[in-house]
Amino acid sequence: MDITDVILHQHAEQRRMFAMLDEVPADDTETLAALWRRLEILLETHAEAEERYFYPHLLAIGRGAADADDAEDEVEDAIKDHNEIRDAIRKVRDHDAGSKGWWDAVIESRIANSDHMAEEERQDLADFRRHTDLRVRHEIAVQFLRYESLKAATGVPPEDKDPDQYIEENS
């Protein structure tokens, strides 16, 4: 088990769940609401688990990959991205499932999430693979999955984080 593979797998699941929303009939608001709730829980537990278990290690060993200057640049941007995703998720909650406002907010969260995943895959995960051995990647994956599994039923309350404070506390 490798944390980078776990994260990539979950990114694929997030993409798949957004695509499932596209295929639900517009008037089936019960299904839309149920799928969204599941996706909302997945997005936040994933983000919180990354912030607890993945990014602190990236700050310690990362050097920057692709178009990132260094690990702090990668992590600062990731925390900002998570906050944008959280903000969009909150907007979804302000609307009835299936309404135009609801779809607009879902699309906003999808765009923010897609941009984040692409950048994380290009920078953070590549950086981590290059500078972390398989034993450590396995240990982090176990912690990450344990946390998510314990939180899966109820979710994690979305709380924005200050990127600079996060880096200071985890460096």
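Parameters and conventions
- Residues numbered from 1 in each chain as written.
- Predicted model: local features only at pLDDT ≥ 70, side-chain atom pairs only at ≥ 80, totals over all residues.
- Heavy atoms only, no water.
- Helix = DSSP H or I, 4+ residues; strand = E, 2+ residues; numbered from the N terminus.
- Rg over C-alpha atoms; globule rule 2.2 N^0.38 Å.
- Buried < 20%, exposed > 50% of the residue type's maximum accessible area, 1.4 Å probe, protein only.
- Axes fitted to C-alpha atoms, helices over the stretch in contact; angles between N-to-C directions.
- Parallel < 35°, antiparallel > 145°, perpendicular 65-115°, else oblique.
- Left-handed = near helix turned anticlockwise from the far one by under 90°.
- Contact = heavy atoms within 4.5 Å.
- Patch = residues over 30% accessible without salt bridge, like charges linked within 9 Å, V, L, I, M, F, W, Y side chains within 5 Å.
- Areas by Shrake-Rupley, 256 points an atom, 1.4 Å probe, with all protein chains shown as cover.
- Salt bridge = Lys/Arg side-chain N within 4 Å of Asp/Glu carboxyl O.
- Lys, Arg positive; Asp, Glu negative; His and termini not counted.
- Charge placed at Lys NZ, Arg CZ, Asp CG, Glu CD.
- Core = buried A, V, L, I, M, F, W, Y, C linked by side-chain atoms within 4.5 Å.
- Nonpolar A, V, L, I, M, F, W, Y, C, P; charged D, E, K, R; others polar.

A closer look at the overall build of the chain
Working step 1: Looking only at helices and strands, the chain has seven helices and zero strands in total.
Working step 2: Taking 171 residues into account, the globule formula puts the C-alpha radius of gyration at 16 Å, and the chain, at 16 Å, falls close to it.
Working step 3: Along the first, second and third principal axes, the C-alpha atoms of the chain reach 50 × 30 × 25 Å.
Working step 4: Here the chain, with 171 residues, has 49% of them falling under the buried criterion.

Describing the packing of helix 1 (residues 3-23) against helix 5 (residues 124-131)
In helix packing, the relevant descriptors are the interaxial angle and the interaxial distance, both defined with respect to the helix axes.
Working step 1: Their axes nearest at 10 Å, the elements helix 1 and helix 5 cross at an angle of 160°. With respect to helix 5, the axis of helix 1 lies roughly antiparallel. You can see that helix 1 and helix 5 cross each other, and the crossing is left-handed. Residues I3, T4, I7 and L8 of helix 1 pack against L125, F128 and R129 of helix 5.

Thoughts on a negative patch on the surface
Working step 1: A surface patch of negative charge is lined by D69, D70, E72, D162, D164, E168 and E169.
Working step 2: It is helix 7 (residues 163-170) that provides the largest number of residues to the negative patch, a total of three residues.
Working step 3: Structurally, E168 can be placed in helix 7.

As for the side chain of D127
Working step 1: Relative to the helices and strands, D127 is located in helix 5.
Working step 2: Leave out the neighbours within four places in its chain, and D127 touches L58, G62, R63, G64, A65, A71 and E74.

Thoughts on the nonpolar core
Working step 1: Judged by nonpolar contacts, the single largest core of 22 residues is most densely connected at I3, F54, Y55, L58, V75 and Y166.
Working step 2: Mapped by element, the contributors of at least two residues to this core are helix 1, helix 2 (29-61), helix 3 (71-93), helix 5, helix 6 (134-151) and helix 7.
Working step 3: Per-element accounting of this core gives the leading share, six residues, to helix 2.
Working step 4: Ignoring anything within four residues of it in the chain, the contact list for Y166 reads E50, E51, Y55, P56, L59, V75, I79 and K161.

Quick look at the environment of D70
Working step 1: As for its position among the elements, D70 is in the loop between helix 2 and helix 3.
Working step 2: Judged by relative accessible area, which is 35%, D70 ranks as partly exposed.
Working step 3: Linking D70 and Y53, residues 17 residues apart in sequence, is a C-alpha distance of 19 Å.
Working step 4: Not counting residues within four places of it along the chain, the set of residues in contact with D70 comprises R63 and G64.

So, the packing of helix 2 against helix 3
Working step 1: At a closest axis distance of 11 Å, the pairing of helix 2 and helix 3 adopts a crossing angle of 165°. With respect to helix 3, the axis of helix 2 lies roughly antiparallel. Note on packing geometry: the crossing formed by helix 2 with helix 3 is left-handed. Packed against helix 2, whose contacting residues are W36, E40, L43, E44, A47, E48, E50, E51, Y55, L58 and L59, the element helix 3 presents A71, E72, E74, V75, A78, I79, H82, R86, I89, V92 and R93 at the interface.
Working step 2: When its residues are assigned to classes, the contact of helix 2 with helix 3 shows 12 nonpolar, one polar and nine charged.

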